[in-house]
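Breakdown of the fold
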Amino acid sequence: RNRIISYIKNPILHTIYLVMLSSDYSKSGNLQMAFSTIMHVDPRKLSGASLCFYYNNFLYYYLQAGDMVNAERVYPIAKPLIEKYIKEPKRAGMLHTLALREYMIGNYNESLAMLKNTINVITKSNNMYVETILDMGKVYIKLGDLEKARELLMEVPKTLKTDYSYWQAQQLLAEISGVEINS
């Protein structure tokens, strides 16, 4: 896909495809390549939903990396854009990003409300479903509702997303059960 992108001569399409490629890297667990790819994007060539997608991805990558300094730097730019486009069901990932930020700063109830809203607009066949269930499980652990966390984490199927999501769910289940598992 990287090679294909190099042949795209339209600067706007080229930029949009780079943002999409960075998202693919992130979904496959390669955060370093996601960052590297999105760094080549010139946001001045983007507008509307594409600009929103760009800043949403940047915010998400920083949150995934645990880099709260840069996440909080991007947040004031990303949030109004996300709120403008969030009403469309296909944009549930953006609500998920905001929920992840709330989780990272310790607003667990707000995070849980956002994750529940995300679940309400996506189907179980959507990859975002697995990530959202996993994150809801983490929030319930922080809130001390281990039974609800266990119930949700048991829903993470090995076949729907990546083995990494399944492994994370198994790790969390082991932690709340007080069992150590080998990776």
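Residues numbered from 1 in each chain as written. Predicted model: local features only at pLDDT ≥ 70, side-chain atom pairs only at ≥ 80, totals over all residues. Heavy atoms only, no water.

1. Focus: helix 5 (residues 68–85)
Worth spelling out the cut-off: The helix and strand labels rest on DSSP assignments: H or I over at least four residues marks a helix, E over at least two residues marks a strand, and numbering proceeds from the N terminus. Helix span, as expected, comes to 1.5 Å for every residue beyond the first. Any residue under 20% of the maximum accessible area for its type is buried, any over 50% is exposed, and the rest in between are partly exposed; the area is computed with a 1.4 Å probe on protein chains only. Any two residues whose heavy atoms approach within 4.5 Å at even a single point are treated as in contact.
Between its first and last C-alpha, helix 5 extends 24 Å over 18 residues, near the 26 Å set by a 1.5 Å rise per residue. Along helix 5, the residues classified as buried are Ala71, Val74, Tyr75, Ala78, Leu81, Ile82 and Tyr85. The secondary structure elements touched by the buried residues of helix 5 are helix 4 (48–65) and helix 6 (92–104).

2. Regarding the side chain of Ser26
Position of Ser26 relative to the elements: it lies in helix 2 (residues 11–27). The class for Ser26 is buried, based on a relative accessible area of 15%. Apart from the residues within four sequence positions on either side, Ser26 is in contact with Leu31, Ala34, Tyr60 and Tyr61.

3. Points about the packing of aromatic side chains
The condition is simple: Side-chain rings of Phe, Tyr and Trp (the six-membered ring for Trp) are treated as a pair once their centres are within 6.5 Å; stacked means planes under 30 degrees apart, edge-to-face means over 60, and tilted covers the remaining angles.
Counting across every chain of the model gives 7 aromatic pairs. Measuring from centroid to centroid gives 5.7 Å for Phe35 and Tyr61, while their planes differ by 75°, and the two rings are edge-to-face. In this pair, Phe35 sits in helix 3 (residues 31–38) while Tyr61 sits in helix 4, placing the two residues 26 residues apart along the sequence. For Tyr61, a relative accessible area of 1% gives the class buried. Taken together, Phe35, Tyr54, Tyr55, Phe58, Tyr61 and Tyr62 form an aromatic cluster joined through their ring pairs.

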